Amino acid sequence: MNPVNYLYLSALLFTIGAAGVLLRRNAIVVFMCVELMLNACNLAFVTFGRMHDNLDGQIIAFFTMVVAACEVVVGLSIIIAIFRSRRSASVDDASLMKW
Amino acid sequence: MSMSTAATATLAVTKVDAPTIEYGKLSPILIIAGVAVVGVLIEAFLPRPARYRAQLTVALVGMIAAFGAVVWLARDLPDDHRGSVTAMGAVAVDGPSLFLQGTLLLIGIASVLLIGERRLEPAGGDAFAPQAAAAPGSQQEKDAAAAGWTQTEVYPLTMFSLVGMLLFPAANDLLMMFVALEILSLPLYLLCGLARRHRLLSQEAALKYFLLGAFSSAFFLFGVAMLYGYSGSVSLDKIGVASAGAMDNDALLLIGLAMVAVGLLFKVGAVPFHSWTPDVYQGAPTPITGFMAAATKVAAFGAMMRFFYVALPGMRWDWRPVMIGVAIVTMVAGAIIAITQTDVKRLLAYSSIAHAGFILTGMIAMSDAGVSSTMFYLVAYGFVTLGAFAVVTLVRDARGEATHLSHWAGLGRRSPLVAGVFALFLLAFAGIPLTSGFSGKFAVFQAAARGGAGSLVVVGVLCSAVAAFFYVRVIVLMFFSEPKVDGPTVVVPSVMTTAAIALGVAVTVVLGILPQPVLDLADKAALFVH
């Protein structure tokens, strides 16, 4: 199969993720959409690695996975802390500061 | 080639050459990374009462040692001031990275002095929550506060963040740049949520910073993927070579350029990616705000300059007009919205947005003078910002820091020294002569004018005038209005905060009166290694 199709898929996944971040209200779902964007990046890296016939893309994908794992640890701890104090994980509720 | 033969060919390579890494050249980064790990071990193995002194000592000694290593590496640079790349081309050890690393370490030392301050809270303790995991207002939190707990995990977190900051302007390939970006950001997200007072605001700041920061780093990473697809490498040099000959508008190159730029502009807080800045600056514990405002900007502008100057100099006719637009919008929006602010920390946040625009002006010059003036501005701005936030920590009432501007009325009559120091910092922000702000603004505007961005200079000067209005308004409020009856008091800090403020004042005055030695140093350090 033509590898370019994977690039289209990757761009589609990235767009779905970005739209989710902007549209969804639950902090956990927003965060999952960010993870989807990172995975779209991974797909693009691996596909480009295949197209250029070098291994850099696949190696970079591993780095991205590690970074995404670290982000989960930090992100979930922040979301849990704010859920415990507000009993809500909605990003609209956290609005004490404006402008 | 079919898939199976490709796999066999890959497997057939049995001998892998181990990468050569010159550890000496990476020593500043490695020292701070070691300090951070030792900090974690101190948290694990030392009894609670002994941790504070141990953490503070290890962090300060480590940063001074790392600064010594930076000086040693800078003396070792060859006479033509060209640096070298190390770690298989992933890290550049050249003038700009060493200059900015030195700046970051000095800012780090002053920040740790602020973080370590324990004399401001009437009930004892520092600016950080006694137990960050306890919900605000819960019994658990009250117990922790009553027991007089203090946490020291902020020190290793700050050091980890500093590792990322040291690596960010030195990263010579985009993968390293992405990893450095995350190393500097992730601890900062946590640090933002650790304030002792106003914990809901603090947690909200952490949530906003985290979600938007993760969103922008996904853009950065997708941009890296596009540039990798375009050039077949993530090395800045190779992208530079590949993009130098780009005759037609290649979609991959342009998308990659734009998305990496989004990630970097978010980190410096440029409009239209600035919306997190005021909320995060207001909600975060003030010592952390000072550290973040000063050091993140230094690191992110260093990385941005390296990205545009090394990887995409051949594309300047494509990115320069966009960046000029971003700089103009940033200066105008920052200066105008700041006028309407009523909170000191938010005021300083919008002022930092306006300053991001001024610094972009220097970067856009696309010359050695542009690099050196930007670096000089970063030094000047970093210490003024840190000093200003340090003063904010001192003005307090019963509810903690009194950040509402109306509380600052008449402060100059009650505490002329503190108000005078704050006025000096505000004048430096405004760019009044004989302060470092003037030297910095003069340098970047001169570089931009010579680089052919005259329009930018005109907008910059006008915005400086608008900005001067609201800085002077605060000074007038402090010195020429009656103090409130139940107004805030200025708490006398320990020697640590005093030292940090004194450093800010010294740098502001010295760079204002005698800028030439530092300008010469920045000139010598202005060459990126290719």
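Scroll up for the structure.
I will try to describe carefully the structure that is included in this document. Just so it is clear, the model here is predicted, and its values are computed rather than measured. (Residues numbered from 1 in each chain as written. Chains lettered and ligands numbered in written order. Predicted model: local features only at pLDDT ≥ 70, side-chain atom pairs only at ≥ 80, totals over all residues. Heavy atoms only, no water.)

Comments concerning empty space enclosed by the protein
Residue and element names in this part refer to chain B. To keep it simple, the criterion reads: A 1.4 Å probe that fits but cannot get out identifies a cavity on a 1 Å grid over protein atoms alone, an open set with protein on both sides within 12 Å along at least five of seven lines counts as a pocket, and a residue lines either if it has an atom within 4 Å of a point. Grid points are joined across faces, edges and corners, and a volume is the space filled by probe spheres set on the points. Labels follow the DSSP assignment, with helices taken as runs of H or I lasting at least four residues and strands as runs of E lasting at least two, numbered in each case from the N terminus. For this classification, the nonpolar set comprises Ala, Val, Leu, Ile, Met, Phe, Trp, Tyr, Cys and Pro, the charged set comprises Asp, Glu, Lys and Arg, and every other residue, Gly included, is treated as polar.
Applying the stated criterion across every chain yields a total of three cavities of 30 Å³ or more. Each pocket or cavity is described by its volume, and for the largest cavity that value is around 60 Å³. Taken together, His355, Tyr377, Ala380, Tyr381, Val384, Ala428, Phe429, Ser436, Gly437, Gly440 and Lys441 make up the full set of residues lining the largest cavity. Secondary-structure elements contributing two or more residues to the lining of the largest cavity are α15 (368-392), α17 (416-430) and α18 (436-450). Lining of the second largest cavity is provided by Lys267, Val268, Gly269, Trp276, Thr277, Tyr281, Met292, Ala293, Thr296 and Lys297. Elements that contribute at least two residues to the lining of the second largest cavity include exactly α10 (251-268), α11 (276-283) and α12 (286-311). It is α12 that provides the largest number of residues to the lining of the second largest cavity, a total of four residues. By residue class, the composition of the lining of the second largest cavity is five nonpolar, three polar and two charged.

Observations regarding the pattern of salt bridges
Residue and element names in this part refer to chain B. We count it as follows: Any carboxyl oxygen of Asp or Glu that lies within 4 Å of a side-chain nitrogen of Lys or Arg is treated as forming a salt bridge with it. Only protein chains enter the calculation, and the probe is 1.4 Å; a residue is then buried if its accessible area is under 20% of its type maximum, exposed if over 50%, and partly exposed in between.
Summed over the entire model, instances satisfying the criterion amount to 13 salt bridges over all chains. Lys208 is the partner of Glu204 in a salt bridge, and the nearest nitrogen-oxygen pair spans 2.8 Å. Of this pair, Glu204 and Lys208 both sit in helix α8 (residues 199-231), four residues apart, which is roughly one turn of that helix. Comparing Glu204 with Lys208 shows no difference in burial state: the two are buried.

A word on the environment of Met375(B)
Residue and element names in this part refer to chain B. For the record, the criterion: In what follows, residue pairs with any heavy atoms lying within 4.5 Å of each other are defined as contacts.
Its place among the elements puts Met375 in helix α15. You can call Met375 buried: its relative accessible area is 0%. Between the alpha carbons of Met375 and Leu348 there is a distance of 21 Å; along the sequence they are 27 residues apart. Other than its neighbours up to four places away in sequence, Met375 contacts Pro96, Phe99, Leu100, Met305, Ala522, Ala525 and Ala526.

Structural notes on the environment of Gly387(B)
In this fold, Gly387(B) is placed in helix α15. The exposure class assigned to Gly387(B) is buried, which follows from its relative accessible area of 1%.

Quick word on the interface of chain A and chain B
To keep things clear, this is the line we draw: In this description, buried area is defined as the sum, over both parts, of the accessible area (probe of 1.4 Å) that is lost when the two are combined. In protein, a polar contact means a hydrogen-donor-capable atom and an acceptor-capable atom, both N or O and within 3.5 Å, with residues adjacent in sequence counting only if both atoms are side-chain atoms; elsewhere, any N or O pair within 3.5 Å suffices.
Taken together, the contacts link 47 residues of chain A with 48 residues of chain B. Interface of chain A and chain B: buried area, both sides summed, is about 3,800 Å²; carbon and sulfur atoms make up 77% of it. Together, Phe48(A), Ile78(A) and Met97(A) form the three largest contributors to the area buried by chain A at its contact with chain B, with a combined 18%. At the surface where chain A touches chain B, the tally comes to one salt bridge. Ionic pairing is found between Arg86(A) and Glu204(B), a salt bridge with its closest N-O pair at 3.5 Å. Viewed at the interface, chain B and chain A are joined by 11 residue pairs in polar contact (both at pLDDT 80 or more).

Quick notes on the nonpolar core
Inclusion rule: To form a nonpolar core, buried Ala, Val, Leu, Ile, Met, Phe, Trp, Tyr and Cys residues must be joined to one another through side-chain atoms within 4.5 Å.
Membership of the largest hydrophobic core comes to 220 residues, with the highest contact counts inside it found for Phe168(B), Met304(B), Phe307(B), Phe308(B), Leu360(B), Met363(B) and Phe422(B). When neighbours within four sequence positions are excluded, Phe422(B) is seen to be in contact with Val344(B), Ala388(B), Val391(B), Val392(B), Trp408(B), Val474(B) and Met478(B).

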